[in-house]
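# Inside the fold
So the chains spell out like this:
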Amino acid sequence: MDERVKEAVQFMESNCQHKLRLRQIADSVGLSPSRLSALFLKDLEVSPMRHLKTLRMQEAKALLWSSKLNVKEIAAHAGFNDVSHFIRDFSRLYGHAPTTIRNSKCVP
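Worth saying up front: this structure is predicted, and the values here are computed from it rather than measured. (Residues numbered from 1 in each chain as written. Predicted model: local features only at pLDDT ≥ 70, side-chain atom pairs only at ≥ 80, totals over all residues. Heavy atoms only, no water.)

### Points about the packing of aromatic side chains
Across all of its chains, the model carries three aromatic pairs by this definition. Judged by centre distance (5.1 Å) and plane angle (50 degrees), the rings of phenylalanine 80 and phenylalanine 86 are tilted. Aromatic ring contacts, followed pair by pair, group Phe80, Phe86, Phe90 and Tyr94 into a single cluster. (Phe/Tyr/Trp six-rings, centres within 6.5 Å; stacked < 30°, edge-to-face > 60°.)

Laid out in structure tokens, this is it:
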């Protein structure tokens, strides 16, 4: 994997709760947005923004299990501005709504 992709992923992981734009991520590793996107597609087979969304969902899932935060707080902490959008995307990715996963402790 290209070192710049690794650095971009680390930047995303450190800042996933913030509103990030592709330009910011690319600037953090000294690439143009189009070049970073091409490297992500080559190395990870997803776009940088799709990868960021996945990181945010993983963070949200971890918070569901490890905290007493409500779903709205978890969505905000994971970098989502719209709770309904978060719930819809979370349910699509994991097959269950956030509250279902928290209540059943099922592992998606």
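### Brief notes about the nonpolar core
Side chains of a nonpolar character, in soluble globular proteins, are inclined to be buried together. Of all hydrophobic cores here, the largest spans 15 residues; its most connected members are Ala8, Met12, Ile25, Leu36, Phe40 and Leu52. Secondary-structure elements contributing two or more residues to this core are helix H1 (3–15), helix H2 (22–28), helix H3 (33–43) and helix H4 (48–66). Top element by residues in this core is H1. It accounts for four residues. If sequence neighbours within four positions are ignored, methionine 12 has contacts with Leu20, Ile25, Phe40, Pro48, His51, Leu52 and Leu55. Ranked by size, the runner-up nonpolar core spans 13 residues in total, among them Met57, Ile74, Phe80 and Phe86. (Core = buried A, V, L, I, M, F, W, Y, C linked by side-chain atoms within 4.5 Å. Buried < 20%, exposed > 50% of the residue type's maximum accessible area, 1.4 Å probe, protein only. Helix = DSSP H or I, 4+ residues; strand = E, 2+ residues; numbered from the N terminus. Contact = heavy atoms within 4.5 Å.)

### Notes on the side chain of serine 37
Within the element layout of this structure, serine 37 appears in helix H3. By relative accessible area, which is 18% here, serine 37 ends up buried.

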